[in-house]
Amino acid sequence: MAERRKAANSRKPATRKTARKTPARKTPARKASPKRWSQRVTRESDALDLKRGVFKLTSAKKIASSLKRSAERSSRRKTGAYRSALSMLTFYINRAGKTLPKTQRERLERAKIELKHQFGRE
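Calculation criteria
- Residues numbered from 1 in each chain as written.
- Predicted model: local features only at pLDDT ≥ 70, side-chain atom pairs only at ≥ 80, totals over all residues.
- Heavy atoms only, no water.
- Axes fitted to C-alpha atoms, helices over the stretch in contact; angles between N-to-C directions.
- Helix = DSSP H or I, 4+ residues; strand = E, 2+ residues; numbered from the N terminus.
- Parallel < 35°, antiparallel > 145°, perpendicular 65-115°, else oblique.
- Left-handed = near helix turned anticlockwise from the far one by under 90°.
- Contact = heavy atoms within 4.5 Å.
- Nonpolar A, V, L, I, M, F, W, Y, C, P; charged D, E, K, R; others polar.
- Expected span 1.5 Å × (residues − 1).
- Buried < 20%, exposed > 50% of the residue type's maximum accessible area, 1.4 Å probe, protein only.
- Arc of directions from axis to C-beta.
- Lys, Arg positive; Asp, Glu negative; His and termini not counted.
- Salt bridge = Lys/Arg side-chain N within 4 Å of Asp/Glu carboxyl O.
- Core = buried A, V, L, I, M, F, W, Y, C linked by side-chain atoms within 4.5 Å.

Trainee: Before we move on, can you summarise the packing of helix α3 (residues 60-73) against helix α5 (residues 102-118) with the specific residues and values?
Mentor: In the contact formed by α3 and α5, the axes pass within 8 Å of each other and the chain directions differ by 55 degrees. Judged by the angle between their axes, α3 and α5 are oblique. For the pair α3 and α5, the crossing hand works out as right-handed. Judged by residue contacts, Ala 60, Lys 61, Ile 63, Ala 64, Ser 65, Leu 67 and Lys 68 of α3 engage Arg 107, Leu 108, Arg 110, Ala 111, Glu 114, Leu 115 and Gln 118 from α5. Considering only residue class, the contact of α3 with α5 consists of seven nonpolar, two polar and five charged.

Structure follows, in structure tokens:
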């Protein structure tokens, strides 16, 4: 019985020592972090070439008109201009999630309605 205890005790410290010896390494800096994939989609999307800071504009009308302009000028989009603009706006709202301030979320929701008006889809 003493041999069992001795054998069991000798194994445990060995595993602990090896776990402590390996240093904590930082992961190397990457060009495109997987946590920011939505930012990359917004920037490099085939649908639209967005104006920088379009979602941070102060009024819903300005946001909607900028999205409309981008959608109509884009030659890479696969669907209609209205659908591309609305999907990009919805994508931004959904990906921002809980971190989006309430006032900005309300402004972006109003921009959806304004986008409908500008495209004549009431």
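Trainee: Which residues make up α5, and what values do they have?
Mentor: Along its 17 residues, α5 runs 24 Å from first to last C-alpha, staying within 8% of the 24 Å computed at 1.5 Å per residue. Within the span of α5, buried status applies to Gln 104, Arg 107, Leu 108, Ala 111, Glu 114 and Leu 115. The arc that holds every buried residue of α5, seen down its axis, measures 115 degrees, which confines them to one face. Residues of α5 that are buried make contact with α3 and α4 (81-96).

Trainee: Break down α4 for me, with residues and values.
Mentor: Over its 16 residues, α4 runs 23 Å from end to end, which matches the ideal 22 Å to within 8%, given 1.5 Å per residue. If you check which residues of α4 are buried, you get Ala 81, Tyr 82, Ser 84, Ala 85, Met 88, Leu 89, Phe 91, Tyr 92, Ile 93 and Ala 96. Two residues or fewer after α4 comes Gly 97, characterised by a positive phi angle close to 60 degrees.

Trainee: Explain the side chain of Glu 114 to me, and be specific about the residues and the numbers.
Mentor: Counting through the fold element by element, Glu 114 comes out in helix α5. Lys 61 provides the closest opposite charge to the buried, salt-bridge-free Glu 114, at an N-O distance of 5.0 Å.

Trainee: Please provide a residue-by-residue account of the nonpolar core, values included.
Mentor: Membership of the largest hydrophobic core comes to 21 residues, with the highest contact counts inside it found for Phe 55, Ile 63, Leu 67, Leu 89 and Leu 108. Of the residues forming this core, the biggest block, eight residues, is contributed by α4.

Trainee: Go over the packing of α3 against α4 with me, naming the residues and quoting the values.
Mentor: Remark: α3 packs on α4, axes separated minimally by 9 Å, with the N-to-C direction vectors making an angle of 130 degrees. The angle between the axes of α3 and α4 places the two elements in the oblique class. Remark: the crossing between α3 and α4 carries right-handed chirality. Only Ala 81, Ala 85 and Leu 89 of α4 make contact with α3, whose side of the interface consists of Ile 63, Leu 67, Ala 71 and Glu 72. Partitioning the contact of α3 with α4 into residue classes produces six nonpolar, no polar and one charged.

Trainee: Let's hear about the pattern of salt bridges: which residues, and what values?
Mentor: Throughout the structure, instances matching the rule amount to one salt bridge. A salt bridge links Glu 109 to Lys 112; the shortest N-O distance between them is 3.7 Å. Taken together, the residues Glu 109 and Lys 112, both in helix α5 and three residues apart, mark about one turn of the helix. By relative accessible area, which is 33% here, Glu 109 ends up partly exposed. Under the relative-accessibility criterion, Lys 112 is labelled partly exposed at 21%.

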